[in-house]
Every structure is written in structure tokens, then in C-alpha cells.
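# Descriptive structure summary
Chain by chain, the residues run as shown.
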Amino acid sequence: MSRFKVSKFRHMEARPSRREAWIGDIRAGTTPSCRNHIKSSCHLIAFNSDRPGVLGIVPLDGQGEDKRQVAHLGCHSDLVTDLDFSPFDDFLLATGSADRTVKLWRLPAPGQALPSVPGLVLGPEGVQVEVLQFHPTVDGVLVSAAGTAVKVWDVTKQQALTELAAHGDLVQGAVWSRDGALVGTTCKDKQLRIFDPRAKPGASQSTEAHKNSKDGWLVWTGTQEHLVSSGFNQMREREVKLWDTRHFSSALTSITLDTSPGSLMPLLDPDTGLLVLAGKGDSQLYCYEVTPQQPALSPVTQCLLESVLRGAALVPRRALAVMGCEVLRVLQLSDTAIVPVSYHVPRKAVEFHEDLFPDTAGCIPASDPHAWWVGSNQQVQKVSLHPARRPHLSFTSCLVPPAEPSPDQAQPADTPAGDADPSEGFSSPLSSLTSPSTPSSLGPSLSSTSGIGTSPSQRSLQSLLGPSSKFRHAQGTVLHRDSHITNLKGLNLTTPGESDGFCANRLRVAVPLLSSGGQVAVLELRKPGRLPDTALPTMQNGAAVTDLAWDPFDPYRLAVGGEDARIRLWRVPPEGLEEVLTTPEAVLTGHTEKIYSLRFHPLAADVLASSSYDLTIRIWDLKARAERLRLQGHRDQIFGLAWSPDGQHLATVCKDGHLRVYEPRGGPEPLQEGPGPEGARGARVVWVCDGHCLLVSGFDSRSERQLLLYPAKAVAGGPLAVLGLDVAPSTLLPSYDPDTSLVLLTGKGDTRVFLYELLPEAPFFLECNSFTSPDPHKGFILLPKTECDVQEVEFARCLRLRQTSLEPVAFRLPRVRKEFFQDDVFPDTAMSWEPVLSAKAWLGGANGQPRLISLQPPGMTPVSQAPREAPARRAPSSALYLEEKSDEQKKEELLSAMVAKLGNREDPLPQDSFEGVDEDEWD
């Protein structure tokens, strides 16, 4: 007989749910500083969305389409770093944030509007809140960690009971033991500490947990003596350790997994001892059984996932399908869906199995904060999971009492006024907005409606979902391979961040090559196909290329900036570049350091602006080949510059954290100066909304890419709105289409192109379908409007530079009546290829407006003048399909359908002609 006990979970299998059970149409956050990213109660799921400070809320067990309706709760003005549901009240949620506060929210049942303000606010702390967790036995006690400080809160009094000291670095985790007597913490100083918060603020025990300081996690088992930690060893391998607090100098046992960079989230069920290890960025789940008696971490099963894991959470045991032997359910958060993964133990009998489902903690707290603090260790009463014996109890915490229902509850709530946080109450499926400088300007853009809320029959779809863009269904498509230029070789993919990497006009593309001497190849867009294997004819710039730009009024002139502080003007022959060019048309000298950026004037011919490492911007008269104006005032690297649409102003964004607006003809100093992006990794600026606003793309202090929208006449007041996008190393390069007010944003090395419609008033950003490619692009630029195929409702055409090819990408809008000219999509466009002024006239103070031209093809009627279509035949009422039918009626309909399908067949069957045998012949 074996002396080792055989595990009852040895045959357990993981069953990822079918796609019908997924919660789709979401965009999850990928910020690495967040903890689990997702948490679940017995009724609701909350998860980090891709918008800072905004959580997605969805029912755990919705039916049909109700489960797909995800509401968005704007709960903080910055990133949500951790969240936790109360173990007793399924609708009480606590959130911690980089805005240094902890907030408690009373979430409604499905069908009601989300709250507009939090029920309680704790803090603010000195730094951002990293971790929080409710007490497992007491309603009203919560632990939180911010920086090196760990506090135990009496939430009822909104004050800290104690602060746990002795942490030498950033606290990465703080968790309660199952009986609520102890707190365990993990820290960046590699120490694992145990505290008894009611005895003393110092650690009662400590030991080195893992050799590497990266992302330590901690979870207690079902007893007070044992806990599990996960982290990285000295070789950067992921490892898991089992600890005994009675012998804390070394781990009881440990396992080493792999060298993946994502931290391991330990999800432990204390009733069964099953431990699920979910690695961020992984595509599989590991399941172990924790047996402290042996001691051992025994592998049970692995589960392969269809998508990359961004976060994970366990569903409470009281919500499991016990009659189906579901012993665990993990919610996997991916980029676009929440995928339930069920763990089942196969059993023959369909009945309740006591050995798989021992009694679990109920939903009634054992004591109150005061009783616990003075020494009570009373435990939560356990309840049976047997469906016939399970008590149907519920508990509503008095920390945040439920809101009183009002007759106008179905109506949108008013925007919070006074001192309320402008980010609170935002629960629209649109992009999240924060306004650090002018909160009141966002008032109209904040909606307190919810995806779980009232039905469209009670209010219009517009008020339910908020404003939406007519381009929201835009589709980006790479055009046929016949239009590609392939076999590109030797591209220079290391151009400075201030450069787009290449440039194009309606005729040709200029691409810098990696060869010495700053060579630039010119490719003809009218001659697609495979380039020869031999070397291409180039322009020999003589110095490494930093930026390049085509003259908008002369399609054969190219300006190239170099590291030698010179700007060279090249002229390409009308038939294309057929031989190597070594002598430029002109060389502009004046800068003392290498060039940053080159920008031609949008209206005046022969006017060029350049920025340099010498921290100046110089404006050149190309006809006279001389410097005319010099702008100063920058104290660090100039990330980007842009002309206003009327050509009267110039905007710059700088590494010193400032956005500046100049009137070049008025003086060398900035006309306006305001705060720019916090991050110093790179930024771009572009004029939008007919020149009334400035859009800046940059980074925040945590290296998250963001968009900032400024009023052009009040830059000093800060941005009107801020939109957080994602975390990536490359600067977002904006390409703006003034006709549609759409901006396309992507970075070098990205695979995704964001698309937003911009408004000068709330809600400022209207999100549209983004374009995603299977491989990263090295550059992405917008072609002139005249290159669009208007008959296919193509509102933008771009060029996508890959490692070895150049591909055109068309952005089109699905329309039913494409035989008509879509004049609502294609207004008259500016003739950007014809100058309005000469350089001399503009420098003399003259201004002008561009001529406009219609894009309407001959013979096409505008859709606004098209005859109205005859009304379509009305569909039968939905009540006809929803009418309840008896079982007999259903059987009759089914038999009738089968008979109708088989038809009336009177022909004899083949076996009717067979001769039979007598009974006695069988003997």
C-alpha cells in the first residue's frame, strides 16, 4: 500500500469556455504596474480598461446579449492600480489609483445606472496606491500599500488604525491571512515580512523571499501557518515557494518554471488547496495542488489559452456550478475578451460530492472593526455549497449604503458639481478623458449612463451611448499586391525620433538608406512592383539624414536635413531618379548643430522652417536661399514643430516640458507658453479643428502614451482633455486630415494605427475602428486627399513602410448607396499643391486663404440630393417569435417540418422486395 495519499484532483481537467460564453468587445488595459487587472464577486466582474482611471463592469452570469453589455465606470483621475470586491457584499468595490487615493463604490444591480461619485474616499497618500485588500472576516477593515507605507484602515471612520513599518523599498504586495490575524507583505528589497497589526507596527518575522527584486506576489493558504510566494530568482527564472511561518528561515519547497518576463499571479483556493499560476503575457495556465503536510507543490494540469493573458482572477466558490463538479473557475482577461476557464473533476454520478466541495466561508461578517481591533478572532460562519442546503443569505455593507431609487433614475444623472472629481461619474463606452487644468470644460462630456443601465426604449441611443463618430466603422485595408513596391533593401530604420522616417507626395517617395554618406532613394509611386536586386540610383547627401520633406508646391524638390547642420535642396528629374545625384540644387547653412525637423509653409511658396540641436528655429526664404527669421526660447531638445493652417503661427513641443506658440513675423520670443507632456521620451504637435486647437502626442510620467488637446488661444491654461492610449516605447506620429477632422496615430515599430475624430468641445475624442497589421511598420504617412478613391468612399490613403516593402493602405467607410457621391464625407478640400502667397509677400506681412476644390467625380449625384428609397417591408413583430408555445405545439411544428422536408414518398423500400424466411428455417 502506498504511503502517499492519492489526490482526488489527479484527473482534473481545464475546460476553456466556448466563444459564445466569452465577454467580448472590450479593450483591456496593459499597464504593467497594475496587479490582477480583474476581480470578480458572485455577481459582477470589474476589470481595467485601456483608459486610465476607468474600469469595465459586467455581470458574471448574464444571459444572452445582456452579458455582452460592458459598462464603464470612471472612478479615478489616473490609472487604477488595484481593485478588490468585498468578501461579504458582492456590490461593494474598492479601487486604488495612481492619483494616491482609495475609493469605495456601491455598484448597482444590472439594469441600473452606475454611481457618479464614490461612497468613501481614503487618503490621499504620499505616492500612488499599489495594493489593497478587504479583511476576510470583518466588514469595514482594509489594508493598502503606497510606496513603503502599509496602512490598516477602519473604513467606517475613514482613518488608519495602524501603519506597518520597516519596509526598505516599494511594497509590492500586502495580503491578509485567512483568519484575518496576520498581514504578509512582499517588497522590492526582496524581503517577505509577517505582521501582527494589532500587536505592533513592526514585522514579527522576515526572510529573503526571492533573489530578484522584480514583481513579488504572495497568497496565504487555508491555514495561518502556510503561505505561497512567487517571484524571480537570480537567473531571472520564475519560481514559486511554499513557506511555513513556524520555520521561516527557508522555504519548505520551491519550483522553478521558466524565464518568461511576465510576473506570476498566484490564484489560490484555500478550501481545496488548488493553486493556479497565471503569468502576464503567457498563453497557458499552470495548476498545482498545495499540500503543506508532505510538503509539496504537486502539478495537476495545464491549460493552453487562445490569447495572451493580461490579467486573471478566481470566481468565488459560492458562484461555481457544483453539480457539474466545477471546482475552480478562472477569468482570463485578454486584450479583447474575458474568457472563463473552468476546472472540472470528472465523476460518473450527477450529484453533489462532499469531498470536492467542503463547507466554505459565508457572506456574513464575523465582527465589526472595533471588536476585531481590541482582540476578537471570531471567524466567518461556514455554509454548505449543496444546492438543497445552501442558505440564501445576502449582506449589504453599511460602509456605502445603497442609493435610494428615484422616479427619474432612468434619466442621465447631472454632471457632478462643486468640488467633485471630474473623472467620477464617467461611465460611457467612449474614450476616457481627464482634465488636469480645466475640469469644468469636461462637464458636458461626462455621462453617468451605463451599459448595464436602462433600455433604449426609455431614451434615445444617442443619450445611451453618448456621441459617436460617423467614421466609427471605418475600415483600413492594405491594397492589392500589384500596387506595392517590394524588394526594398538597405533601409535606414534608425532615423531620429523627430523624423517620420520617410516622406511622400502624390508622385514619389523618398527613403533614407543605411549606406554611408546619407544616401536617399526616390521611388516612383506610379511604377509599383519589385525593385531590381542591383543598387538603386540615389542622392548623395554627404551627411547622415535626420529629416526630409517634399515641397508641397514643387513635387520635384526635396529638402534634406543632415547631421552636419546643413539643409540641402535636391531636384528630382520629372522622369524620376535614373542616376546618382551628387550635387544639390542649393545648400542652406546657418544652424550650428544637427537638424531636428523640416516643415514647409502650408500657403507660401519657398518658405521652410527648420529646428536644430542649437535650440533655435530658423525660417528660410528658399528663393533667396537665405535665413529670414530666427525663433528662440527653447531650453532643451525640440521634439516637434507645426505650422498653423493659415500659416501665421508656429507651434513647438520641447523636452523641457513646454508647449510654445510663436508668431514668427512678430518676434523671436514665444507668443504663448504652456505645460506639455510630462514624459521626456518624445512628442509631436499638430494643429487641428480648423486651427482652433493643438493636439500633442507624448508620454506621461509612467511612460504611457497619451494625447493632449489644447485650445490654441489659451495654451498656458493647460490641456482641455487628456486621453491615455497604451504603453509602448515609440512616439505616436499624428497624421491629421482637416477635411474629416480625423487623426491617425501610430509609432515606428507598432502594428496598430489608432483613429480618432477630434472635436473642439466635449467629448473631444471620438474613437473609430483602428487598423491592425500582422507585422510592425517602420513608418506610416498620409497621402494628399486627391489620391483617395472617392467612388469607394475612401476618405484617407496612407503609405506603410515595412522592412522590405512599401504598401498603400486605404481607409474606407461602409456605405449602402455607393453609387452616389458622399458629400457628407467629402467636403471641398484645399488645393494644397498651389501656393497662395510668395515668400516675399508672406514675410512682408500678407496673409491668405487656400482655394478649395470639389472632389465630386463627374456624373455622380450627391447623396444629399439622391431620391429617397422606398420604405422596406416591415419585419414581423418580435412578439411573434417570443410568444410562448406549449410542448405539444413545438412537437407538431417539428414533425410538420420533417415531413415537409422528406416529402411524400410512396415508392416501396428496397427491403420490401426481399424474400423472408420461415421461422423453422432458423433452427
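Residues numbered from 1 in each chain as written. Predicted model: local features only at pLDDT ≥ 70, side-chain atom pairs only at ≥ 80, totals over all residues. Heavy atoms only, no water.

Looking only at helices and strands, the protein has 5 helices and 63 strands in total. Out of the 923 residues belonging to the protein, those deemed buried represent 54%. By sequence separation, contacts in the protein at least 24 residues apart represent 54% of the contacts at least 6 residues apart. Carbon and sulfur atoms make up 50% of the accessible area of the protein, which totals about 41,200 Å². (Helix = DSSP H or I, 4+ residues; strand = E, 2+ residues; numbered from the N terminus. Buried < 20%, exposed > 50% of the residue type's maximum accessible area, 1.4 Å probe, protein only. Contact = heavy atoms within 4.5 Å. Areas by Shrake-Rupley, 256 points an atom, 1.4 Å probe, with all protein chains shown as cover.)

Looking now at empty space enclosed by the protein. According to the stated counting rule, one finds 5 cavities of 30 Å³ or more in the structure shown. Its volume calculated, the largest cavity comes out at about 80 Å³. Lining the largest cavity are 14 residues; nearest its centre among them are Gln-172, Cys-187, His-210, Asn-212 and Gly-216. Looking at side-chain class alone, the lining of the largest cavity contains 2 nonpolar, 9 polar and 3 charged residues. (1 Å grid on protein atoms, 1.4 Å probe; cavity = no way out; pocket = protein on both sides within 12 Å on 5 of 7 lines; lining within 4 Å. Points joined across faces, edges and corners; volume = space filled by probe spheres on them. Nonpolar A, V, L, I, M, F, W, Y, C, P; charged D, E, K, R; others polar.)

Attention now goes to the nonpolar core. When a protein is soluble and globular, its nonpolar side chains tend to lie buried together. Counting residues in hydrophobic clusters, the biggest one holds 28 residues, and the most contacted among them are Met-12, Leu-285, Val-327 and Tyr-343. Every element with two or more residues in this core is listed here: strand E22 (264–269), strand E23 (274–279), strand E24 (284–291), strand E25 (296–304), strand E27 (326–333) and strand E28 (338–344). Core analysis: the second largest hydrophobic core is formed by 22 residues, Phe-471, Phe-780, Phe-795 and Ala-796 among them. (Core = buried A, V, L, I, M, F, W, Y, C linked by side-chain atoms within 4.5 Å.)

Our focus in this paragraph is the UniProt feature "repeat: WD" (unreviewed entry) in the protein. Mapped onto this numbering, the UniProt entry gives "repeat: WD" (unreviewed entry) at residues 73–107, 588–630 and 631–663. Span residues 73–107 is 0% helix and 54% strand, its end C-alpha atoms 10 Å apart. A helix fraction of 0% and a strand fraction of 52% characterise residues 631–663, whose end C-alpha atoms lie 9 Å from each other. (UniProt positions renumbered as here; feature names shortened; annotations may be inferred.)

Here the focus is the environment of Val-400. Among the structural elements, Val-400 can be located in the loop between strand E30 (382–383) and helix H2 (461–465). For the pair Val-400 and Leu-104, spaced 296 residues apart in sequence, the C-alpha to C-alpha distance is 7.4 Å. Each residue touching Val-400, except ones within four places of it in the same chain, is listed here: Leu-92, Leu-104, Arg-106, Gly-119 and Leu-120.

With that out of the way, let us pick up unusual backbone geometry. The amide bond that connects Gly-123 to the next residue, Pro-124, takes the cis arrangement and shows omega of 10 degrees. Topologically, Pro-124 is positioned in the loop between strand E9 (120–122) and strand E10 (129–134). That bond from Gln-294 to Pro-295 is cis: its omega, -20 degrees, falls within 30 degrees of zero. Following the sequence through the fold, Pro-295 ends up in the loop between E24 and E25. Unlike most non-glycine residues, Arg-100 shows phi in positive territory, near 75 degrees. Positive phi, normally seen in glycine, also occurs at Gln-158, with a value near 55 degrees.

What follows concerns the environment of Gly-222. Here Gly-222 is to be found in the loop between strand E18 (217–220) and strand E19 (226–232). A residue is classified by how much of its surface remains accessible, and Gly-222, at 45% relative accessible area, is partly exposed. Along the sequence, Gly-222 and Leu-268 sit 46 residues apart, while their C-alpha atoms lie 9.1 Å from each other. Leave out the neighbours within four places in its chain, and Gly-222 touches Arg-178 and Pro-270.

Take the packing of aromatic side chains next. Scanning the entire structure with this criterion turns up 13 aromatic pairs. Grouping aromatic residues by their ring pairs yields a cluster made of Trp-176, Trp-372 and Trp-373. Positioned above the aromatic ring of Trp-217 is the side chain of Arg-35, whose terminal nitrogen or guanidinium carbon lies 3.8 Å from the ring centre. Between the NZ or CZ atom of Lys-214 and the centre of the ring of Phe-232, over which it lies, the distance is 4.9 Å. (Phe/Tyr/Trp six-rings, centres within 6.5 Å; stacked < 30°, edge-to-face > 60°. Lys NZ or Arg CZ within 6 Å of the ring centre and 35° of its normal.)

Our focus in this paragraph is the side chain of Asp-89. Secondary-structure assignment places Asp-89 in the loop between strand E6 (80–85) and strand E7 (92–97). On the basis of relative accessibility, which here comes to 2%, the residue Asp-89 falls in the buried class. A distance of 3.0 Å separates a polar atom in the side chain of Asp-89 from the backbone nitrogen of Phe-91. In terms of polar contacts, Asp-89 uses its side chain to reach the backbone amide nitrogen of Ser-397, at 2.8 Å. Setting aside anything within four residues of it in sequence, one finds Asp-89 in contact with Arg-106, Phe-395, Thr-396 and Ser-397. (Polar contact = N/O pair within 3.5 Å; in protein donor to acceptor, adjacent residues only side chain to side chain.)

Right, let's get into the confidence of the model for the protein. Scored by pLDDT, the protein has a mean of 85; 87% of the residues are at 70 or more. Below a pLDDT of 50 lies the segment residues 406–465, which in the model reaches 135 contacts outside its immediate sequence neighbourhood of four places, other chains included. (pLDDT = per-residue confidence, 0-100.)

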